Amino acid sequence: MSELGYRGRAGWFRAAGVVLVVSLAAGFGPASASAEAQTIPDRGAIGSAAEVALPDVHESTGSADPQSRPALIDRRARRLNKRFETELAKSRADSVRDIQRQQGLVLWQFALVLAGLALVVWQNRTPAMGRRARRAKRVAWALLALVSIASFYRFSWNDRNPYNMQIKDAYHYYIGGKYFAEIGYGRLYDCTIAAADEQGLWWVDRLDTIRDLQTMSARPAAEITRRASDECRSRFSAQRWSEFVSDLGWFFDRMSGPVWRWMLNDHGFNPSPIWTLLASPLTSATTVEDLPLLVQVDTLLVLAALASIGWAFGFEAMCLAAVVWGTGFMWRYSWVGDAFLRQIWFSSAIIGVCCLRRGHAFVAGGLLAVSAGVRLFPAVFIGGYALFAIRRYWETRVWSTEDRRFAAGASIAAVLLVAASLAMSGRGVEDYLRFAHNTTVLRAVIIKNFAGFEALLWRIDGTTSLYWRNEIGPGWISLGLSKAIRLGVAAGCILWFGAVVRRVESWEAAALGFALIPLLTSPPGYYFHFVVLAVPLSVHRPWVAVWLLLACAAWQVNGFHWRDLGETFTVASVIAVSLCCAVLISMRRPVQAS
């Protein structure tokens, strides 16, 4: 932040110097050259001579020949085009350096995963350890956990990226959450362009396409800009629009035009209304300048999740979870580190399973309901417990006290969250209808970093070729056969899971739900740290820890040999599906005493 502050002040000093020089020149120049005429907005000088009208250029130059106006415009356009190309080249160079740095980091994390694997094998091959050996093992686990967490943050406190936060993610989540009442799910990019256009930012006319979040299709930037100005202003009050423009100005100052060109083709703000409810106290009580501090909430949430594993399953399980979380390639720092409230679902799911293990079924049900409400896919943890409870009822014909408490906690939490979100919005069920529509539209988008069995079928049946390259095939199987395989695998996995839960405890059934996520669906790779829930399962079944660490090592190798993003996540999907199948097989083995 100090560096940003220094750069900001230096920019103001340079601007003040330019204004001073221009003012002096105006004082010694022709009398008709006013100070206002000397300052020509950058925004007006970007386009071609046919598109841009500058009524005051002729007067400001003192020229009697209007033919000089196109030449002036062309010169300024060429200058700003060159500026954009320079920034674009710098952005690409930064991306290359970041990939090279990530590859070096992968080697460190690969070594950490292998060290964790060696510790797991050692402690299970020599169960009868002396006091000194046990102390050495705990020290080794502690050091390994600390170094793994440090590796997630790139072994640096102040140099993780130029902003020490995921500024692109914070833009989507902070701005999208704070102004959700006005922009909803479909107008974040439109209103951002309207604000940038109003402030005269020079790079607006250098944008080629902008994603229309209402349809998830790329549209010409000029078309979005024309419609956004009037539509966005009408959705805000004067005060809220001023706040919106001011908050966006903080991001405009910190990201260049090429970064915005990339970011405005992303996929927008997509959390549920329950996430917006939970985030509203922070977004309404803070300013955008507080973001570097607000993003640390996610760090606290992750640390709380790891601490809860220590509380419920012991010190070594906590350290193993820290190793898995800290060295994960698919959920690395450049995806989810120092983001704005990204980890609510993760923390509530982990703590919920830990509470279930400690006998707090009511609290566990409520926390897992929160996780499912924030991100839909964590509902599989409730589903895993539900399958266990149904099987237990089938065998005993009685709903246990634990089952009733869990159901009560989940139901009460769900009702309170939905009621509170409806009361906060004041729009009834409209927000939930918008969320359902947005989820449906987003679901039709094939993103390259999706990972799971469904993503593998997309690559086999030619769906990805059709979506990414707008061409058919080469599909190895037909779309109809692909759908039949998907439905058959889903049914088979649920039956397989139902057979496995006969041999597990209730909390194990909830945690084991993570194995259904890659088998039934394909979330983006940066959600895959749900595999941390395999750590509690490994307490009595050490083979689960072996498969988990081998999968983490395989993801690291796959990440080091970085190819096209789609190819990388195809291999990552194979690893994820293999891990889940191996865990389900291991859960049928007899329990090993700790």
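Residues numbered from 1 in each chain as written. Predicted model: local features only at pLDDT ≥ 70, side-chain atom pairs only at ≥ 80, totals over all residues. Heavy atoms only, no water.

(A) Representation of the pairing of strand β2 (residues 217-220) in the model. Of the strand pairs in this sheet, strand β1 (residues 209-212) and β2 are connected by four bridges, and their pairing is antiparallel. The residue bridging arginine 211 from the neighbouring strand is alanine 218, located in β2. Between the antiparallel neighbours β1 and β2 lie four residues, among them methionine 216 with a positive phi of about 60°. (Pairing = 2+ DSSP bridges. Helix = DSSP H or I, 4+ residues; strand = E, 2+ residues; numbered from the N terminus.)

(B) Main features of a nonpolar patch on the surface. Where nonpolar side chains cluster on the molecular surface, the patch consists of Phe362, Val363, Ile412 and Leu416 and spans about 360 Å² of accessible area. Along the chain, leucine 416 falls in helix α20 (residues 401-425). You can call leucine 416 exposed: its relative accessible area is 54%. (Patch = residues over 30% accessible without salt bridge, like charges linked within 9 Å, V, L, I, M, F, W, Y side chains within 5 Å. Areas by Shrake-Rupley, 256 points an atom, 1.4 Å probe, with all protein chains shown as cover. Salt bridge = Lys/Arg side-chain N within 4 Å of Asp/Glu carboxyl O. Buried < 20%, exposed > 50% of the residue type's maximum accessible area, 1.4 Å probe, protein only.)

(C) A look at empty space enclosed by the protein. What the rule picks out here adds up to three cavities of 30 Å³ or more. It is helix α14 (residues 296-313) that contributes the most residues to the lining of the largest cavity, three residues altogether. Of the residues in the lining of the largest cavity, the class split is five nonpolar, three polar and two charged. Approximately 40 Å³ is the volume attributed to the second largest cavity. (1 Å grid on protein atoms, 1.4 Å probe; cavity = no way out; pocket = protein on both sides within 12 Å on 5 of 7 lines; lining within 4 Å. Points joined across faces, edges and corners; volume = space filled by probe spheres on them. Nonpolar A, V, L, I, M, F, W, Y, C, P; charged D, E, K, R; others polar.)

(D) A look at the pattern of salt bridges. According to the stated counting rule, one finds 17 salt bridges in the structure shown. Note that arginine 219 and aspartate 212 form a salt bridge whose closest N and O atoms lie 3.6 Å from each other. What makes arginine 219 partly exposed here is its relative accessible area of 25%. Residue classification places aspartate 212 among the buried positions, given a relative accessible area of 3%. The partner of arginine 240 in a salt bridge is glutamate 243, with the nearest N and O atoms 3.9 Å apart. Linking arginine 240 with glutamate 243, this pair stays in helix α10 (residues 238-252), spanning three residues, or about one helical turn. Looking at arginine 240, the relative accessible area reads 24%, which means it is partly exposed. Each of Arg427, Glu430, Asp431 and Arg434 takes part in a single network of salt bridges with overlapping partners.

(E) Region of the structure containing the side chain of serine 348. Along the chain, serine 348 falls in helix α17 (residues 344-357). Here isoleucine 344 takes part through its backbone oxygen, which lies 2.8 Å from a polar atom of the side chain of serine 348. Ignoring sequence-local partners within four residues, the contact set of serine 348 consists of Leu367, Leu368, Val370 and Ser371. (Polar contact = N/O pair within 3.5 Å; in protein donor to acceptor, adjacent residues only side chain to side chain. Contact = heavy atoms within 4.5 Å.)

(F) Here's a closer look at the packing of aromatic side chains. Inspection of the entire model under this criterion finds 42 aromatic pairs. Geometrically, the ring pair formed by phenylalanine 313 and tryptophan 507 is tilted, given 4.9 Å between the ring centres and 55° between the ring planes. Residue phenylalanine 313 is found in helix α14, and its partner tryptophan 507 is found in helix α25 (residues 506-512); the two are separated by 194 residues along the sequence. Through successive ring pairs, a cluster of aromatic residues spans Trp331, Trp335, Trp345, Phe346, Phe377, Tyr526, Tyr527, Phe528, Phe530 and Trp555. (Phe/Tyr/Trp six-rings, centres within 6.5 Å; stacked < 30°, edge-to-face > 60°.)

(G) Quick look at unusual backbone geometry. Positive phi is not limited to glycine here, since arginine 154 has a value of about 60°. Among the secondary structure elements, arginine 154 is positioned in the loop between α5 (131-152) and α6 (167-178). A relative accessible area of 8% places arginine 154 in the buried class. Phi angles above zero are rare outside glycine, and leucine 341 is one such case at about 55°.

(H) Layout of the state of the cysteines. In this structure the tally under the stated criterion is one disulfide. Across the disulfide, cysteine 191 is cross-linked to cysteine 232 (sulfur-sulfur distance 2.3 Å). Sign of the S-S torsion, about -95° for the bond between cysteine 191 and cysteine 232, identifies this disulfide as left-handed. Residue cysteine 191 is found in helix α8 (residues 188-198), and its partner cysteine 232 is found in helix α9 (residues 221-235); the two are separated by 41 residues along the sequence. Taken as a pair, cysteine 191 and cysteine 232 share a single burial class, namely buried. In this model cysteine 493 remains outside any disulfide bridge; the closest cysteine sulfur is found in cysteine 581, 6.6 Å from its own. Since its relative accessible area comes to 25%, cysteine 581 is described here as partly exposed. (Disulfide = S-S within 2.5 Å.)

(I) Looking closely at a positive patch on the surface. Taken together, the side chains of Arg131, Arg132, Arg134 and Arg135 present a region of like positive charge at the surface. Position of arginine 132 among the secondary structure elements: in helix α5. (Lys, Arg positive; Asp, Glu negative; His and termini not counted. Charge placed at Lys NZ, Arg CZ, Asp CG, Glu CD.)

(J) Summary view of the confidence of the model for the protein. Per-chain confidence: the protein averages 82 in pLDDT, with 79% of residues scoring 70 or above. Across residues 1-69 the pLDDT falls below 50, and counting only partners more than four positions away or on other chains, this stretch makes 57 contacts in the model. (pLDDT = per-residue confidence, 0-100.)

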